[in-house]
Amino acid sequence: MKRGISFLAALACSFVFQQVFAQSVKWAKDGSSYYRAEAGDITKYTLPQNSKTVFIAKDKFKPAGQERPLQIRNFEFSSDEKQLLVYTNSKKVWRQDTRGDYWLYNVTDGALKQLGRTMPASSLMFAKFSPDGTKVAYVSNYNLYVEDLASGTITPLTTDGNRKLINGTFDWAYEEEFFCRDGFRWSPDSKQIAYWQIIAKGTKDYLMVNNTDSIYPVAIPVEYPVAGEEISPFRIGVIPVTGGATKWMNIASDPVWHSYAPRMEWAANSTELIVQQLNRKQNESKLLLCNVASGNNQAIYTETDSAWIDILPSWDQDYTNGGWDWLNNGKEFLWASEKDGWRHLYKVARDGKKETLITSGAYDVMDIVRIDEKGGFVYFMASPDNATQKYLYRTKLDGKGKAERISPANQTGSHTYRLSPDARFAQHSFSNYYTQPSSEWLTLIDHKGLNGENKVADAVAKADKNASNVSFFKVRTSEGVEMDGWMAKPSGFDSSKKYPVVFYVYTEPWGQTAKDEYGAGRNGLYQGNMAADGYVYISIDNRGTPVPKGRAWRKSVYRKIGLVNIRDQALAATEILKWNFIDTSRVAVWGWSGGGSATLNLMFQYPEIYKTGISVAAVGNQLTYDNIYQERYMGLPQENREDFVKGSPITYARNLKGNLLYIHGTGDDNVHYNNAEMLINELIKHNRQFQVMPYPNRSHSISEGAGTGAHLSTLYTNYLKQYCAPGGR
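In the annotation of an unreviewed UniProt entry, the chain is listed under the name S9 family peptidase and assigned to Terrimonas ginsenosidimutans.

A. Layout of the packing of helix H8 (residues 627–634) against helix H9 (residues 637–647). Viewed as axis vectors pointing N to C, H8 and H9 meet at an angle of 80 degrees, and their least axial separation amounts to 10 Å. Relative to H9, H8 is oriented roughly perpendicular. Seen from H8, the contacting residues are Gln630, Glu631 and Met634; seen from H9, they are Pro637, Asn640, Asp643 and Phe644. A per-class count over the contact of H8 with H9 returns three nonpolar, two polar and two charged.

B. Spatial organisation of the sheet that holds strand E1 (residues 26–27). The strand order across the open sheet built from four strands is E1-E2-E3-E4, with neighbouring strands paired in antiparallel fashion. Each end of this open sheet is capped by a strand with a single partner; those strands are E1 and strand E4 (51–56). Here strand E3 (residues 41–46) runs beside E4; their pairing, made up of five bridges, is antiparallel. The partner of isoleucine 42 across the bridge, within E4, is isoleucine 56.

C. Fine view of the sheet that holds strand E43 (residues 691–695). If you walk across this open sheet you meet the eight strands as E36-E37-E39-E38-E40-E41-E42-E43, and the pairing is mixed. Each of the sheet's edge strands pairs with one partner strand only, and the pair in question is strand E36 (470–476) and E43. Averaged over all adjacent pairs, the angle separating strand axes in this sheet is 20 degrees, with direction ignored. With five bridges connecting them, strand E41 (residues 612–616) and strand E42 (residues 659–665) associate as parallel partners. In the strand pairing of E42, threonine 612 is matched with asparagine 659. Relative to the sheet, helix H10 (residues 674–685) contacts E42 and E43, its axis offset from that of E42 by approximately 155 degrees. Relative to the sheet, helix H11 (residues 708–723) contacts strand E38 (499–504), strand E40 (582–592), E41, E42 and E43, its axis offset from that of E43 by approximately 175 degrees.

D. View of the pairing of strand E6 (residues 83–93). Pairing geometry for strand E5 (residues 74–77) and E6, over four bridges, is antiparallel. The partner of glutamate 76 across the bridge, within E6, is leucine 85. From the end of E5 to the start of E6, which pair antiparallel, there are five residues, and glutamate 81 there has a positive phi angle of about 60 degrees. Alignment of E6 against strand E7 (residues 96–106), held across eight bridges, turns out to be antiparallel. For leucine 84, the partnering residue across the bridge sits in E7 and is tyrosine 105. Linking E6 to E7, which pair antiparallel, is a turn of two residues; within it tryptophan 94 sits at a positive phi near 60 degrees.

E. Fine view of the environment of lysine 92. By the secondary structure assignment, lysine 92 is in strand E6. Measuring from C-alpha to C-alpha, the distance between lysine 92 and serine 122 comes to 9.9 Å, with 30 residues separating the pair along the chain. Setting aside residues no more than four positions away along its own chain, lysine 92 makes contact with Asp97 and Arg99.

F. Just the packing of helix H6 (residues 564–576) against helix H7 (residues 594–605), in detail. Where H6 contacts H7, the axes come no closer than 10 Å and their chain directions differ by 65 degrees. In this structure, H6 crosses over H7, and the sense of that crossing is right-handed. Residues Ile566, Gln569 and Ala570 of H6 pack against Ala598, Asn601, Leu602 and Gln605 of H7.

G. Layout of the packing of aromatic side chains. Under the definition given, this model contains 44 aromatic pairs. Relative to tryptophan 510, the ring of phenylalanine 179 lies with its centre 5.4 Å away and its plane at 50 degrees, an arrangement referred to as tilted. Remark: tryptophan 510 occurs in the loop between E38 and helix H4 (530–533) and phenylalanine 179 occurs in the loop between helix H2 (172–178) and strand E14 (184–186); sequence separation between them is 331 residues. The exposure classification of phenylalanine 179 matches that of tryptophan 510, with both residues buried. A ring pair is formed by phenylalanine 473 and tryptophan 579, whose centres lie 5.5 Å apart and whose planes are at 80 degrees; its orientation type is edge-to-face.

H. Region of interest: H11. Over its 16 residues, H11 runs 23 Å from end to end, which matches the ideal 22 Å to within 8%, given 1.5 Å per residue. The complete set of buried residues in H11 reads Thr708, Leu712, Ser713, Tyr716, Thr717, Tyr719 and Leu720. Projection of H11 onto a plane perpendicular to its axis shows the buried side chains occupying an angular sector of 165 degrees, all on one side.

I. Fine view of the environment of arginine 343. Among the secondary structure elements, arginine 343 is positioned in the loop between strand E25 (332–337) and strand E26 (344–349). Along the primary structure arginine 343 and lysine 498 are separated by 155 residues, whereas in three dimensions their C-alpha atoms are 43 Å apart. Not counting the four nearest positions on each side in its chain, arginine 343 is found in contact with Trp315, Ser337, Glu338, Tyr363, Asp364, Val365, Met366 and Arg554.

J. Structural view of the nonpolar core. With 122 residues, the main nonpolar core has Ile236, Leu273, Phe503, Phe604, Tyr610 and Leu720 as its most contacted residues. Contacts of leucine 720, omitting those with residues within four sequence positions, involve Val502, Tyr526, Met530, Tyr535, Ala588, Ile614 and Ala725. Grouped together as the second largest cluster of nonpolar side chains are 16 residues, Ile358, Val365, Phe380 and Tyr393 included.

K. Main features of the side chain of asparagine 542. In this fold, asparagine 542 is placed in the loop between strand E39 (536–541) and helix H5 (551–555). Here asparagine 542 falls in the buried class, since its relative accessible area comes to 0%. Residues contacting asparagine 542, with those up to four places away along its chain left out, are Met483, Thr507, Trp553, Asn565, Asp568 and Gln569.

L. Seen up close, the pattern of salt bridges. In this structure the tally under the stated criterion is 38 salt bridges. A salt bridge links lysine 555 to glutamate 338; the shortest N-O distance between them is 2.6 Å. In this pair, lysine 555 sits in helix H5 while glutamate 338 sits in the loop between E25 and E26, placing the two residues 217 residues apart along the sequence. On the accessibility criterion, glutamate 338 (9% relative accessible area) is buried. Taken together, the shared-partner salt bridges connect Asp305, Glu338, Arg343, Asp364, Arg551, Arg554 and Lys555 into one network.

M. A look at H10. Here H10 contains 12 residues, and its C-alpha end-to-end distance of 16 Å stays within 8% of the 16 Å for a straight helix at 1.5 Å per residue. Those residues of H10 that fall on the buried side of the exposure criterion are Asn675, Ala676, Leu679, Ile680 and Leu683. Along the axis of H10, the buried positions cluster into a sector of 130 degrees, meaning they face one direction only. Counted as exposed and oriented over 90 degrees from the buried face of H10: Asn681, Ile684 and Lys685. The inward-facing, buried residues of H10 contact H7, E42 and E43.

Scoring rules and cut-offs
- Residues numbered from 1 in each chain as written.
- Predicted model: local features only at pLDDT ≥ 70, side-chain atom pairs only at ≥ 80, totals over all residues.
- Heavy atoms only, no water.
- Axes fitted to C-alpha atoms, helices over the stretch in contact; angles between N-to-C directions.
- Helix = DSSP H or I, 4+ residues; strand = E, 2+ residues; numbered from the N terminus.
- Parallel < 35°, antiparallel > 145°, perpendicular 65-115°, else oblique.
- Contact = heavy atoms within 4.5 Å.
- Nonpolar A, V, L, I, M, F, W, Y, C, P; charged D, E, K, R; others polar.
- Pairing = 2+ DSSP bridges.
- Left-handed = near helix turned anticlockwise from the far one by under 90°.
- Phe/Tyr/Trp six-rings, centres within 6.5 Å; stacked < 30°, edge-to-face > 60°.
- Buried < 20%, exposed > 50% of the residue type's maximum accessible area, 1.4 Å probe, protein only.
- Expected span 1.5 Å × (residues − 1).
- Arc of directions from axis to C-beta.
- Core = buried A, V, L, I, M, F, W, Y, C linked by side-chain atoms within 4.5 Å.
- Salt bridge = Lys/Arg side-chain N within 4 Å of Asp/Glu carboxyl O.

Written as structure tokens, this is what we have:
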């Protein structure tokens, strides 16, 4: 995840939707069954009965000479479902465990063999079948390989890869900010592979220092381009699977600022690629149709924005591993744009000369769930009336219909769906702030559970809204900005008493906190029960957060992160402090990552409001953060450096008056530890007293090492209780 809420922070903040999809499902091609990995077996579920059988028993995954079967981390069938790729022994690369070992299982004869046996252990990445099922391609140590399944012959397609010349995968910044990990694509005819090459030779290294695992410190270099520094240029090439020379696409780029290519796919044939190219500021997007034989291309669709353009994977996680929605046998494709003020879907002709608006109205498409071209519908998530919730809708692909809500009217809250390829069946989950998560399989047309079960409806019927201490509210500031928020009141609330208030904040374009989901109002970092101890706990979504309130809401913070978002929060807090049960002398704020930055800015810019702050893994100086993120929202330092300075907490550190606890992992590869030391220096310069807790060699999540979680939770809780005492008075 990018500079958003870290894994531990997500658990701590508790508003993260606890999805009850226990294991990812793999749909059969006909949509009438699906597969899962369960207890080492590959199981098959047949619909509509949802009956379970063991398709491949775990003993079948026991390599010769080994006592234990493979531990299945993930699996994938070939297109004919006669072969199975098993991913195991996985290792973490930055955020996700995307390298490991792959084994091939033959469904017909039960043969099991390891792929890439000449490669180092746990070094294979993104292995996938060719469309015809005869080969598997993968990346290992920055190079791309193809393995013939019949002969076992491994053909290296590239040999020049290294940490600074990356083939078939990406550098830190592309992975973190564009969700680019898998960097190659099979051609539909199985004869070629298109891939990215990231040229990080000019990208400076950030040196993380490991002081804990040896007597002498060890420097760990990470190619990390900060705001204003040179980006890592890209090339996109096509190479025959038999090996040979790469044909590079002739994609023009600014010779000074360069550009990005966050998306690339085959253009519904084996002769052309389609590439999305963004300029350095990310406010111009071009779709390029590239001829793979000549390398020449033409721009078929161009879009500009006065702020920035969000790529599809940034709001629809289903596309983080690639994908392009072609329609009408490749004559059209689905595209999303905010150009009318809302995020809507369009059907665009292959040459870009004609487009049809599919969704329309004053609402945002929040997620593309399924395209049922045969049925003539696109299914998507939206919430036109309440930005804290999420529902399933559908509308006709021809653009002539109106959006039709599929989620039941009496299930108000947040829904998630996985639809079968033909949209007949769905795995559905639901929760709201007072209803525990529940999941069911259903037929979509009538939204009824299979085998007579209606688990979600039963959970809703049993839930007691009045038993919850959480409520949602709207607050309007003196500047007329209305924001959504939730509040958890103390147990045994007495309106005649005054209680301390703790604000949880994120505030930046990568975190919505006020979601109507189970767990809203809980704080997993706090030891014990905040409500029982007598705290009011509140979170509010200011302008600039990624809520479904339209483009203007989300992009109002352009070049003003650290100002607009912070002022919205402070003015909302000003209104809340007028409530007669809030003790204005006991006001605390806390956040992680972008929320840590907001905590610092609130403590420094509005010291008259916030008396205590706990900031975790914060960006203290915006000029230290990676260029893809920071320049997207703030512009280029070469052109408007003053905006970066005005939005940075260290600019205002001299104003600290309250109690500040600053926490950071020294091994943070995302928000680097130099942010902590720059901030500490500035506070020392102005004789501002504070407390700091460095976690040695811990990453952005501060989750590694024995005892870390308990220590962090204890530290957080003790500090809050000491400086923002609990209980009504």
